[in-house]
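Chain by chain, the residues:
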Amino acid sequence: MIRRRICFIGWANHVHLERWAGYFATLGHEVSVISFTEKGRYPEGVRQYVVGLKGRGLRWIELKLRWLLFRIKPEIVHVHWAHFAVPVRKAWSGPLVVTAWGSDIYKREMFDDEQWRTLALALNQSQLVTCDSEDIAQAICAELGVPSRIVRVIQWGVDTTVFSPDGVDLRAELGLVDREVVLSPRNFTPLYNQDRILAAFAMLQQRRPQAFLLMKNYGGDPEVIAAIQRDIEVRGLQDKVRILD
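Here the structure is a predicted model, which is why all the values come from computation and not from measurement.

**Student:** Any chance you could explain the packing of aromatic side chains here in plain terms?
**Tutor:** For any pair of aromatic rings, the description rests on two quantities: the centre-to-centre distance and the angle between the ring planes. Considering all chains together, one arrives at 9 aromatic pairs under this definition. Ring centres 6.4 Å apart and planes at 20° place the aromatic pair Trp20 and Phe24 in the stacked group. With Trp20 and Phe24 both in helix α1 (residues 15-26) and 4 residues apart, this pair spans about one turn of that helix. Classification of Phe24 by relative accessible area gives partly exposed; the value is 23%.

Given below as C-alpha cells:
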C-alpha cells in the first residue's frame with residue numbers, strides 16, 4: 001500500500017468525518033483534520049487543527065486555510081459538506097475530493113445565487129464528488145452541472161459487532177413473531193416525513209394485515225411525535241404501530 005498524506009476538512013467533531021478520517025488513519029495513511037468547529041475523536045497520530053475564525057469573513061478563512069495547508073502539505077484534500085469546498089478550492093489547487101451530505105444540496109433555499117454559483121464552480125473543479133445516495137448524486141449533476149463521471153455513491157455499511165443476526169430476539173420480546181415488520185429508522189423531525197411513512201403504511205396494512213410498523217425515536221421533536229400519535233389513533237392503528245426509543 002502506498003502511504004498518502006490526506007487532509008480532511010469539515011466539522012471535526014461530527015461522527016461522519018470522524019469515521020471517514022479514522023478509517024484512513026487505521027489503514028496507515030498520514031491523516032490530518034482541519035475543523036470549522038471543535039476537535040473530534042480520532043486514532044492516535046491524527047493531527048487536528050481548528051480554523052478558529054468565528055465572525056471573520058471569507059477572505060480570512062481562505063488565508064487561514066492556505067496557511068494550514070502549507071504547513072500540512074497534503075497530497076489529497078477531502079472536504080466534508082459541499083459548501084466548504086468553496087473556500088478550500090481558493091486556498092488549495094491540488095487534488096480535491098468533496099463529500100456532500102444532503103442539506104448542502106437539497107436545501108437550495110438556504111443559499112443565494114452567488115453561493116450556489118460558487119458551489120457549482122468548486123464542485124466542477126474537484127477530482128471526485130461523493131455522496132451517500134443515488135438521489136443526491138442525481139441532484140448534484142442536475143442542479144450544479146457536475147459531470148456524472150466524477151460523482152460516486154458510497155453508502156455506509158453495517159457494524160456487525162453491534163447489529164448481528166445472533167443478537168437478542170426482539171421479535172419475540174416485542175410480540176412480533178410471524179409479523180411482517182416495517183422499520184422506519186429516521187427521527188421525528190419534519191425533514192424525515194414520518195407522517196408520510198405512516199400514511200403509506202396505512203395503505204399497505206389494508207392489503208397486508210400482518211404488517212407491523214416500528215418507528216424509532218431518538219430525542220425527536222415532541223410536536224411531531226404528538227402529531228404522529230394522534231394520526232395513529234385516527235387511523236385506528238394503535239395495535240399495528242409502535243414507537244420505540
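Having put the structure on the table, let's press on.
**Student:** Please explain the packing of helix α8 (residues 194-207) against helix α9 (residues 222-234) as it appears in this structure.
**Tutor:** Each pair of packed helices can be summarised by the angle the axes make with each other and by the distance between the axes. Here α8 crosses α9 at 15°, and the two axes come no closer than 10 Å. Comparing their axes, α9 and α8 come out roughly parallel. α8 and α9 meet at a crossing whose hand is right-handed. Residues Gln194, Asp195 and Leu198 of α8 form the contact with α9, whose own contacting residues are Ile228, Asp231 and Ile232.

**Student:** Quick question: what am I supposed to make of the sheet that holds strand β4 (residues 76-80) here?
**Tutor:** Pairing within the open sheet is parallel, and its 7 strands lie in the order β3-β2-β1-β4-β5-β6-β7. If you trace the sheet from one side to the other, it starts and ends with β3 (47-50) and β7 (151-153), each paired once. In this sheet, adjacent strand axes meet at a mean angle of 20° when their direction is disregarded. As paired strands, strand β1 (residues 5-10) and β4 are joined by 4 bridges and run parallel to one another. Among the inter-strand pairings, Phe8 is bridged to a residue of β4, identified as His78.

Conventions we followed
- Per chain, residue numbering runs from 1 following the sequence as it is written.
- Where totals are concerned, whole chains, interfaces and linings use all residues; where local detail is concerned, this predicted model gives features only for residues with pLDDT of at least 70, and gives and counts side-chain atom pairs only at 80 or more.
- In computing side-chain values, all of the structure's heavy atoms are included and hydrogens and water are not.
- Only rings of Phe, Tyr and Trp enter the pairing, Trp through its six-membered ring, and a pair is recorded when the two centres are within 6.5 Å. The plane angle decides the type: under 30 degrees is stacked, over 60 is edge-to-face, the rest tilted.
- For helices the rule is a DSSP run of H or I covering at least 4 residues; for strands it is a run of E covering at least 2, with both sets numbered from the N terminus onward.
- Working definition: with a 1.4 Å probe on protein chains only, accessible area under 20% of the residue-type maximum means buried, over 50% means exposed, and in between means partly exposed.
- Whenever a helix is involved, its axis is fitted only over the stretch in contact; in every case the axis is a line through C-alpha atoms, and angles between N-to-C directions fall within 0 to 180 degrees.
- With respect to orientation, any angle under 35 degrees is reported as roughly parallel, any angle over 145 as roughly antiparallel, any angle of 65 to 115 as roughly perpendicular, and every other angle as oblique.
- Should the near helix be turned counterclockwise from the far one by less than a right angle, the crossing is left-handed, whereas a clockwise turn marks it as right-handed.
- Contact definition: two residues touch when any of their heavy atoms are within 4.5 Å.
- Being paired, for any two strands, means DSSP has found at least two bridges between them.

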